[in-house]
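Chain residues, written in single-letter form:
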Amino acid sequence: MAKFKKKPKKSRADELEEMMAELDERDRARRHGKNDLLMFLIGLLMFGGGLFMILQRVTVSTSWGHSFYHIGGWNVPNGMIMLPLLIGIVMLFVLDRKIFGWIVTGLGILFILLTVIMSVKITWRTTSAYEFIMMFGLAAAGGGMLLKTLFTRR
């Protein structure tokens, strides 16, 4: 027969101390979860506020319909941009093999979209150094808080 050793009995003070340590650990873990949620929400507000302030200082304009487009060294008038789309639509109704018409129509739509995007001009309005630091500081600090709460190991 194997002999079993009896564990020494713990005193009430030791048991009470273990229970208090366990309760403290549970409380710390619970507060840490609430702290993460609060940190995430504050970070989200800071990041959103910073981006809002940045986007308020940006002006977007376009020159679509007002000038010529430069593709390489060739100036393209605005009406010429619609020509591939119109040719593609005609090809859809005339040709027996519709695939060529769809390809030309798709390229015409792509060409129109690219010229509109290329005609967009984004400019930054004059701002003070304080506003500049506040805008980008808020966005950076808020983004850092978001990343910290999203990617910390638990």
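The preceding data block contains the structure.
Parameters and conventions
Residues numbered from 1 in each chain as written. Predicted model: local features only at pLDDT ≥ 70, side-chain atom pairs only at ≥ 80, totals over all residues. Heavy atoms only, no water. Axes fitted to C-alpha atoms, helices over the stretch in contact; angles between N-to-C directions. Helix = DSSP H or I, 4+ residues; strand = E, 2+ residues; numbered from the N terminus. Parallel < 35°, antiparallel > 145°, perpendicular 65-115°, else oblique. Left-handed = near helix turned anticlockwise from the far one by under 90°. Contact = heavy atoms within 4.5 Å. Nonpolar A, V, L, I, M, F, W, Y, C, P; charged D, E, K, R; others polar.

## So, the packing of helix H3 (residues 83-94) against helix H4 (residues 98-118)
Interaxial distance between H3 and H4 falls to 7 Å at its minimum, and their mutual angle equals 160°. Judged by the angle between their axes, H3 and H4 are roughly antiparallel. Every pair of crossing elements has a handedness; the one defined by H3 and H4 is left-handed. Judged by residue contacts, Pro-84, Leu-85, Ile-87, Gly-88, Ile-89, Met-91, Leu-92 and Phe-93 of H3 engage Lys-98, Phe-100, Gly-101, Trp-102, Val-104, Thr-105, Gly-108, Ile-109, Phe-111 and Ile-112 from H4. Residues that form the contact of H3 with H4 fall into these classes: 13 nonpolar, 4 polar and 1 charged.

## A look at the environment of Met-82
With respect to the helices and strands, Met-82 occurs in the loop between helix H2 (78-81) and H3. Separated by 29 residues in the primary sequence, Met-82 and Phe-111 place their C-alpha atoms 8.6 Å from one another.

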